[in-house]
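Take a look at the letters that make up each chain.
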Amino acid sequence: RTVDGRGGVLLPGFVDLHTHVREPGREDTETIATGSAAAARGGYTAIFAMANTSPVADNAAITDLVWRIGQEVGLVDVHPVGAVTVGLEGRQLAEMGMMADGAAKVKLFSDDGKCVHDPVLMKRALEYSSGLGVLISQHSEDPRLTEGAVAHDGPTAARLGLAGWPRAAEESIVARDALLARDAGARVHVAHASTEGTVSLLRWAREQGIAITAEVTPHHLLLDDSRLETYDGVNRVNPPLREDRDKLALRAALAEGVIDCVATDHAPHAAQEKCCEFSQAKPGMLGLETALSVVVETMVRPGLLDWRGVARVMSERPAQIVGLDDQGRPIAVGEPGNLTVVDPDAEWTVEPDALASKSRNTPYAAMTLPGRVALTVLRGTVTAE
Ligand code: NCD
Ligand code: ZN
Ligand code: ZN
């Protein structure tokens, strides 16, 4: 079969280092099948499925199961992320080596949603992971600084009476984990960087030669805490939407390469978990199907990234971080490759009911966004068009 991609921009298939598919445990909100369909529509050929499932992905039986279901679905490679502890708040290190050696060949490890609160445990997890892959720093839940917090700790939250989540909660843990990674000779990846201060810390850590990488979400590039005025639970997310200056610092850092890549933190939730009062809504928003368009809006249109740069932040750098050698690279003529064709001139209005995801919690409902994925190809087979 021949596909005519004329007028489109040809990019290597996108790689998402941070997706929540809710299987096993919350298949009412997302399954590996529906999450894969959403990923393919968003131009992705590989996603990394976070470990905060139920049960937690803290052993090779579960990580191999997730990998196998993903291969059966066949729309995108679903790479499981392994939890570093047994259970999300466990005190005991998980068998990371077993997960790395299994069919899924786990390359990324995280205690998703709960940073390893104990620095000694984090140090040991970094040491253990150093021969196996990359450890994701889920910095944003420093427990004492974020107790009860639901929104960015700034003037908007103060005015609206929402409990504030300070920048320092994130930055103190980013700094801690950079230093622990240095001492352990390990590689650490900072999940969803959300503040101007985190950007400074990343720049500093790189200058010290620390093996640190970082991602930013589409929503932290586009949205800020001015969205909270409506008290709509769809805008509740961890880490919280910050202020204008954070947004601009994150965009500049992504353009410069201080932040390596875009990762969606796609977090499906049921309608009844998001419709309630802001403080009661579960944190998290959808991201897979809108990521490219948000990157076009925030980075390409303002001239911060060209299409070469989009390939770098959506595909090449994330593939390099985890060592995926079949992703994010040039494809020889005749070779079945992973690729994405984008219509750069398309504009579309986001309709939640038209999404492939099983959940509807997109913050972009009714918003018109530029650029659209026209075609996704996984190993020579069309997975979305
Ligand atoms: C994540 C989720 O829903 O799994 N939510 C989010 O707001 N990012 C968990 C988390 O990272 O807190
Ligand atoms: Zn998180
Ligand atoms: Zn997450």
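Refer to the structure printed above.
The notes below deal with the structure included here.

Focus on the site of ligand 1
Then step 1. Taken together, twelve residues lie near ligand 1, and Arg22, Asn52, Asn238, Asp265 and Pro283 sit nearest.
Then step 2. Take Arg22: an N or O atom from its side chain is 2.8 Å from an oxygen atom of ligand 1.
Then step 3. Contacts to ligand 1 include His269, whose side-chain N or O atom sits 3.2 Å from an oxygen atom.
Then step 4. Here the residues of the shell around ligand 1 sort into three nonpolar, six polar and three charged.

Quick look at the coordination of the zinc ion (ligand 3)
Then step 1. Protein coordination at the zinc ion (ligand 3): the donors are His18 (NE2), His20 (NE2) and Asp265 (OD), at 2.1 Å from the metal.
Then step 2. Here the zinc ion (ligand 2) and the zinc ion (ligand 3) are spaced 3.5 Å from one another. Of this pair, His20 sits in the loop between β2 (14-19) and α1 (32-41) while Asp265 sits in the loop between β11 (261-262) and α10 (271-274), and the two are 245 residues apart along the sequence. An identical accessibility class is assigned to His20 and Asp265; each is buried.

Re the sheet that holds strand β1 (residues 9-12)
Then step 1. Taking strand neighbours across the sheet as the criterion, the four strands line up as β1-β12-β13-β14 in an open arrangement whose pairing is antiparallel. The sheet is open, and its two borders are formed by β1 and β14 (381-384), each paired with just one other strand. For this sheet, the mean inter-axis angle between neighbouring strands, taken without regard to orientation, is 35 degrees.
Then step 2. Helix-sheet contacts for helix α12 (residues 307-322) involve β1 and β12 (339-349), and the interaxial angle to β1 is about 30 degrees.

Remarks on the packing of helix α11 (residues 291-300) against α12
Then step 1. Axis separation between α11 and α12 bottoms out at 11 Å; the angle between their running directions is 130 degrees. In terms of axis orientation, α11 runs oblique to α12. Relative to α12, α11 is oriented so that their crossing is right-handed. The residues of α12 that touch α11, namely those facing Ala291, Leu292, Val295, Val296 and Val300, are Trp307, Val310 and Met314.
Then step 2. A breakdown of the residues in the contact of α11 with α12 according to their chemical character gives eight nonpolar, no polar and no charged.

Notes on the packing of aromatic side chains
Then step 1. A complete count under the given rule lists one aromatic pair for this structure.
Then step 2. Aromatic side chains Phe14 and Tyr44 sit 5.6 Å apart centroid to centroid with 75 degrees between the ring planes, which places their arrangement in the edge-to-face category. Taken together, the residues span a long stretch of sequence, with Phe14 in strand β2 and Tyr44 in strand β3 (residues 44-49) at a distance of 30 residues. Considered together, Phe14 and Tyr44 belong to a single accessibility category, that of buried residues.
Then step 3. Directly above the aromatic system of Trp348 lies the positively charged group of Arg372, at a separation of 3.9 Å from the ring centroid.

Observations concerning the pairing of strand β4 (residues 77-80)
Here is the key point about a regular strand: its side chains alternate between the two faces of the sheet.
Then step 1. Both faces of β4 are covered, namely the face carrying Asp77 and His79 and the face carrying Val78 and Pro80.
Then step 2. Direction of pairing for β3 relative to β4: parallel, over a ladder of four bridges. Across the sheet, Ala49 pairs through a bridge with Pro80, a residue of β4.

Here's the deal with the sheet that holds strand β9 (residues 188-190)
Then step 1. Taking strand neighbours across the sheet as the criterion, the five strands line up as β5-β6-β9-β10-β11 in an open arrangement whose pairing is parallel. Because the sheet does not close on itself, it has two edges, and the strands there are β5 (108-110) and β11.
Then step 2. Both strand β10 (residues 212-216) and β11 contribute to a ladder of two bridges, which runs parallel. Pairing of Val216 across the sheet is with Val262, part of β11.

What counts and what doesn't
- Residues numbered from 1 in each chain as written.
- Chains lettered and ligands numbered in written order.
- Predicted model: local features only at pLDDT ≥ 70, side-chain atom pairs only at ≥ 80, totals over all residues.
- Heavy atoms only, no water.
- Near = heavy atom within 4 Å.
- Polar contact = N/O pair within 3.5 Å; in protein donor to acceptor, adjacent residues only side chain to side chain.
- Nonpolar A, V, L, I, M, F, W, Y, C, P; charged D, E, K, R; others polar.
- Donors = N, O, S within 2.8 Å, 3.2 Å for Na, K, Ca; no water.
- Helix = DSSP H or I, 4+ residues; strand = E, 2+ residues; numbered from the N terminus.
- Buried < 20%, exposed > 50% of the residue type's maximum accessible area, 1.4 Å probe, protein only.
- Pairing = 2+ DSSP bridges.
- Axes fitted to C-alpha atoms, helices over the stretch in contact; angles between N-to-C directions.
- Contact = heavy atoms within 4.5 Å.
- Parallel < 35°, antiparallel > 145°, perpendicular 65-115°, else oblique.
- Left-handed = near helix turned anticlockwise from the far one by under 90°.
- Phe/Tyr/Trp six-rings, centres within 6.5 Å; stacked < 30°, edge-to-face > 60°.
- Lys NZ or Arg CZ within 6 Å of the ring centre and 35° of its normal.

By themselves, these are just geometric observations and shouldn't be taken as functional.
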